[in-house]
Amino acid sequence: MLLAGIINKQVSDLCLQQQQHHQLHGHNKFLTQNRSTPNKRQQLMICCCSSRNVMMRAQACNKKTKNKEWVLAIDVGTGGTKAALITSQGCVSTSAFSAHPPPSPSCLAGTASAEQEMERWWDATVEVVKTCMAMAAVNHSGTVRALTVTGQMQNVILLPQNKLELAPPAILYSDARAVAEATEIARLAGGADYLASVSGSHQGATSVLAKLRWLDKHDSNAAQHCQTLLLGGHDYVVWKLCGVCVTDSTTASTTGLTDLSFKYATGLMHDVGLGHWIDKLPLIHPPNIPCGEVSAWAAEELGNVSLQGIPVVHCCGDAGACTLGAGAGVLGNLYAYLGTSGWVAGSFQHSAGLPPKAKPMPRPSGVFTLGHPESSLVFKTGSIMTAGGNLAWAASTGYPGSVSMKQIDSLVKLERAGCGGLLYLPYLNGERCPFEDGNARACFIGISASTTREQMLRAVMEGVAFALRSSCDALAGGELHDSDTRCAPLRLVGGGARSPVWPSIMAGVFGQTVEVLTDPQEVGVKGAAILAGQWLGWHSTLSPGGNWVQQEQTYDPSPNDVKIYDEMYPIYTKVYDGLRDTFHDLSAFQRPSL
């Protein structure tokens, strides 16, 4: 479940955030930035987009709006598909979002399964591209130079041999039907630790290896009837755009099908009885080189014949695109997501040695190593189970009625760092990084008769920051904060970043400057556009200047806070070890919520 956990939360949290943002600001911002009364074409656009449940947004990066060059970036998420026209300087001229129907369980696989109809992804793509291009025609003048696509990863998408046959729904990354098959795969591979050391991540019921074994058991003709196996939502949309079946190393490395050279582990697939799927796998294509061109059919579907022949770049999957869009695509830069869940991600040096079966290399729980556009680097992500969810629980439990983030900030801003020796462990729903323990639970340590509710709220915020730091340390084997990485700013996105207090706490706990990014809902499409822009010659680096990564606010660490948090952090990291057995014993008394 671990890899699905990080990808599922990353996609769903960011998609929810961008959908809420568009619902709150989309139409109003379009109108207020064009202060005159909308003309008939604008009114028609607004009505049409509203009726199609398409949220749209027009932005003015500068006053010069003529003769622009754009990349048309598309992000195929689980909750919906987004498109944006992005300039060579990283300005988002227009963007649109269209929701997908939610995933549904398979009648054959039960409630642990999760499937989606791929054609709904294409329908949403058509809608958002039409909307973006129509908005651009009203507000700007320019040319689309390339189309780039990112999206959800770790899927099983079966394109049938018979082109007249209807393709089955996509089995999503969050689908956990293959619990028994995951155990069998680990045994056949030589052990779970060896499998993790080969693939770079622990492989559970959500891995594509396990899902393919499940298909072999429950649909023995699945492989025979499959022409090509695709692995991500953007794989499918690229196929619809230009008829090419490809994936990228970031997406492929989420599946368990590759080794740490980010090539298909054909030997492993034979070992676990999946060799008959090898010739179905898509080509792993570089994410910064076009894989094809928009076909005449696709251009007509998109309602813009001018798009025919435009180069299509199959970008890296969404976890990589978000890392690039947050400015963490080069060595030394990190970003953190502080929403309901939380994670820290960045780019690290790649060492691709394969372990002998007798000595599997241990890997920290919850740390995932994924392919990177630069062959000398890898993406690493460390994800904690619950971040902002802890504060939501504390606020709803400690204060009757609803309390806003602004009210919480006003309550805790005068409390001193360390809260008088009060610690909070943010394990409301267990933990997955830097350790995996579904029995771990949240708790306060150090409550006294003088402890206030304000201190308890701040301790929750500090505990989440400590958890993210421990996840961050796990990315580099516990040595991250002894390196130069601490000198670079930590980019922060997510709902918690909107608080003026929480980023300040993060700066003190991490001991480095924290930069809150403007428009965090755009990081995925911007990351995809960065790769297309590199091919177009707009920039030579994966961390370009201009407006690609914009800071809304900067928080420098207080030396006094850093000293306090550096003294408290080792205490925090030791507490779990002392409570592990207690958590296990208490789990016998826990009952599911009704």
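Each value, and the rule that gives it
- Numbers given for residues are sequential positions, taken from 1 along each chain in its written order.
- At least 70 in pLDDT is required for a residue's local features to be given in this predicted model, at least 80 for side-chain atom pairs to be given and counted, and no such filter applies to totals for whole chains, interfaces and linings, which use all residues.
- Values reported for side chains reflect all heavy atoms of the structure, with hydrogen atoms and water molecules removed beforehand.
- Here a helix means four or more residues in a row that DSSP labels H or I, a strand means two or more in a row labelled E, and each is numbered from the N terminus.
- Three labels apply to residues, based on accessible area from a 1.4 Å probe with only protein chains included: buried if under 20% of the type maximum, exposed if over 50%, partly exposed otherwise in between.
- Contact definition: two residues touch when any of their heavy atoms are within 4.5 Å.
- By the convention used here, strands pair only if DSSP detects at least 2 bridges between them.
- For this analysis, a polar contact is any N or O atom pair within 3.5 Å, provided that within protein one partner can donate a hydrogen and the other can accept it, and provided that sequence-adjacent residues contribute only side-chain to side-chain pairs.
- Structural elements are reduced to axes, namely lines fitted to C-alpha atoms, with helices fitted over the stretch in contact, and the angle between N-to-C directions of any two is expressed from 0 to 180 degrees.
- A pair of Phe, Tyr and Trp rings is counted when the ring centres sit within 6.5 Å of each other, with Trp represented by its six-membered ring. The angle between the planes then sorts it: under 30 degrees is stacked, over 60 is edge-to-face, the rest tilted.
- By definition here, charges over rings are those cases where NZ of Lys or CZ of Arg is within 6 Å of the ring centre and within 35 degrees of the ring normal.
- One speaks of a salt bridge when a side-chain nitrogen belonging to Lys or Arg is within 4 Å of a carboxyl oxygen belonging to Asp or Glu.
- pLDDT: the predictor's confidence for each residue, scored from 0 to 100.
- Less than a right angle of anticlockwise turn of the near helix away from the far helix marks a crossing as left-handed, whereas a clockwise turn marks it as right-handed.
- Gly is put with the polar residues, along with every residue not named as nonpolar or charged; the nonpolar set is Ala, Val, Leu, Ile, Met, Phe, Trp, Tyr, Cys and Pro, and the charged set is Asp, Glu, Lys and Arg.

**Details of the overall build of the protein**
Part 1 of the reasoning: On a plain count of helices and strands, the protein comes out with 18 helices and 23 strands.
Part 2 of the reasoning: A burial count over the protein gives 59% of its 594 residues as buried.
Part 3 of the reasoning: Within the protein, contacts between residues at least 6 apart in sequence are counted, and of these 76% link residues at least 24 apart.

**Here's the deal with the pairing of strand E16 (residues 342–349)**
Regular strands place their side chains on alternate faces of the sheet.
Part 1 of the reasoning: Across the eight residues of E16, seven count as buried, placing the element largely inside the fold.
Part 2 of the reasoning: Examined bridge by bridge, strand E15 (residues 334–338) and E16 share five bridges and lie antiparallel to one another. Within the sheet, the bridge partner assigned to Leu338 lies in E16 and is Gly342.
Part 3 of the reasoning: Between E15 and E16, which pair antiparallel in sequence order, lie three residues.
Part 4 of the reasoning: Pairing of E16 with strand E18 (residues 377–384), which is carried by eight bridges, proceeds in the antiparallel orientation. Across the sheet, the residue bridging to Gly342 is Ile384, located in E18.

**Looking at the environment of Thr254**
Part 1 of the reasoning: The residue Thr254 is located in the loop between helix H9 (249–252) and helix H10 (266–271) in this model.
Part 2 of the reasoning: Since its relative accessible area comes to 0%, Thr254 is described here as buried.
Part 3 of the reasoning: For Thr254 and Gly371, which are 117 residues apart along the polypeptide, the C-alpha to C-alpha distance reads 8.8 Å.
Part 4 of the reasoning: A polar side-chain atom of Thr254 sits 2.7 Å from the main-chain carbonyl oxygen of Thr251.

**So, the sheet that holds E16**
Think of a sheet as strands paired side by side through backbone hydrogen bonds, with each pair either parallel or antiparallel.
Part 1 of the reasoning: In space, the seven strands of this open sheet follow the order E17-E18-E16-E15-E21-E22-E23, with mixed pairing throughout. Only two strands of the sheet have a single partner each, and these edge strands are strand E17 (367–371) and strand E23 (551–555). Neighbouring strand axes in the sheet, compared pairwise and without regard to direction, differ in orientation by 25° on average.

**Some details on the side chain of His234**
Part 1 of the reasoning: As for its position among the elements, His234 is in helix H8 (residues 233–242).
Part 2 of the reasoning: Within the structure, the side chain of His234 is placed 3.2 Å from the side chain of Thr251, a separation counted as a polar contact.
Part 3 of the reasoning: Apart from the residues lying within four places of it in its own chain, the contact partners of His234 are Val76, Val149, Thr150, Gly151, Gln152, Met153, Asp248, Thr251, His314, Cys315, Cys316 and Gly317.

**With respect to the packing of aromatic side chains**
Part 1 of the reasoning: Enumeration according to the criterion identifies 13 aromatic pairs in this entry.
Part 2 of the reasoning: Consider the rings of Tyr427 and Tyr576, whose centres lie 6.3 Å apart with planes at 90°: the pair is edge-to-face. Here Tyr427, found in the loop between strand E19 (423–425) and strand E20 (443–445), pairs with Tyr576, found in helix H18 (residues 559–586); they are 149 residues apart in sequence, far enough to count as distant. Here the two residues Tyr427 and Tyr576 agree in accessibility, since each one is buried.
Part 3 of the reasoning: Taking the centre distance of 5.8 Å and the plane angle of 80° together, the rings of Phe466 and Tyr565 count as edge-to-face. Residue Phe466 is found in helix H15 (residues 453–475), and its partner Tyr565 is found in helix H18; the two are separated by 99 residues along the sequence.
Part 4 of the reasoning: Three or more aromatic residues joined by ring pairs form one cluster here, namely Tyr427, Phe435, Tyr576 and Phe583.
Part 5 of the reasoning: Positioned over the ring face of Trp214 is Arg177, at 4.5 Å from the centre of the ring.
Part 6 of the reasoning: The aromatic ring of Phe348 is capped on one face by Lys380, whose charged end is 5.6 Å from the ring centroid.

**Comments concerning unusual backbone geometry**
Part 1 of the reasoning: Look at the link from Cys433 to Pro434: it is a cis peptide, with omega at 10°.
Part 2 of the reasoning: Although it is not a glycine, Gln154 sits at a positive phi angle of roughly 65°.
Part 3 of the reasoning: Checked against the element boundaries, Gln154 lands in the loop between strand E7 (142–151) and strand E8 (157–160).
Part 4 of the reasoning: When its relative accessible area of 1% is taken as the criterion, Gln154 is described as buried.

**Thoughts on the pattern of salt bridges**
Pairing between side chains becomes possible if they bear opposite charge and their charged atoms approach one another.
Part 1 of the reasoning: In this structure the tally under the stated criterion is 15 salt bridges.
Part 2 of the reasoning: The partner of Glu115 in a salt bridge is Arg177, and the shortest N-O contact between them spans 2.8 Å. On the criterion of sequence distance, the pair formed by Glu115 in strand E6 (residues 110–116) and Arg177 in the loop between strand E9 (170–171) and helix H4 (179–189) is long-range, its members being 62 residues apart. The same class applies to Glu115 as to Arg177, namely buried.
Part 3 of the reasoning: Of the charged contacts in the structure, one is a salt bridge between Asp123 and Arg120, with a shortest N-O distance of 2.7 Å. Taken as a pair, Asp123 and Arg120 lie in helix H3 (residues 118–139) at a separation of three residues, close to a single helical turn.
Part 4 of the reasoning: The class for Asp123 is partly exposed, based on a relative accessible area of 32%.
Part 5 of the reasoning: Residue classification places Arg120 among the partly exposed residues on the basis of a relative accessible area of 35%.

**Quick word on the confidence of the model for the protein**
Part 1 of the reasoning: With 84% of its residues at a pLDDT of 70 or more, the protein shows a mean pLDDT of 86.
Part 2 of the reasoning: Here residues 18–52 scores under 50 on pLDDT; set against residues more than four positions off or in separate chains, the count is 54 contacts.

**Let's talk about the packing of helix H16 (residues 502–510) against H18**
Part 1 of the reasoning: Two elements in contact, H16 and H18, have axes separated by 7 Å at closest approach and are oriented at 65°. Of the two elements, H16 crosses H18, and the hand of that crossing is right-handed. For the pair formed by H16 and H18, the contact residues are Ile505, Ala507, Gly508 and Val509 on the first element and Asp561, Val562, Tyr565 and Asp566 on the second.
Part 2 of the reasoning: Among the residues making up the contact of H16 with H18, the classes are represented as five nonpolar, one polar and two charged.

**Description of helix H5 (residues 192–199)**
Part 1 of the reasoning: The element H5 is largely enclosed, with a buried count of six among its eight residues.
Part 2 of the reasoning: Those residues of H5 that fall on the buried side of the exposure criterion are Tyr194, Leu195, Ala196, Ser197, Val198 and Ser199.
Part 3 of the reasoning: Buried residues along H5 sit in contact with H4, helix H6 (208–218), H10 and E17.
Part 4 of the reasoning: At the exit of H5 stands Gly200, carrying a positive phi of roughly 95°.

**Quick word on the pairing of E6**
Part 1 of the reasoning: As paired strands, strand E5 (residues 104–106) and E6 are joined by two bridges and run antiparallel to one another. Residue Ser104 lies in a different strand from E6, and its bridge partner there is Glu115.
Part 2 of the reasoning: A loop of three residues connects E5 with E6, the two strands running antiparallel in sequence.
Part 3 of the reasoning: Inspection of the sheet shows E6 paired to E9 by two bridges, in the antiparallel sense. Residue pairing across strands places Gln116 opposite Ala170, the latter belonging to E9.

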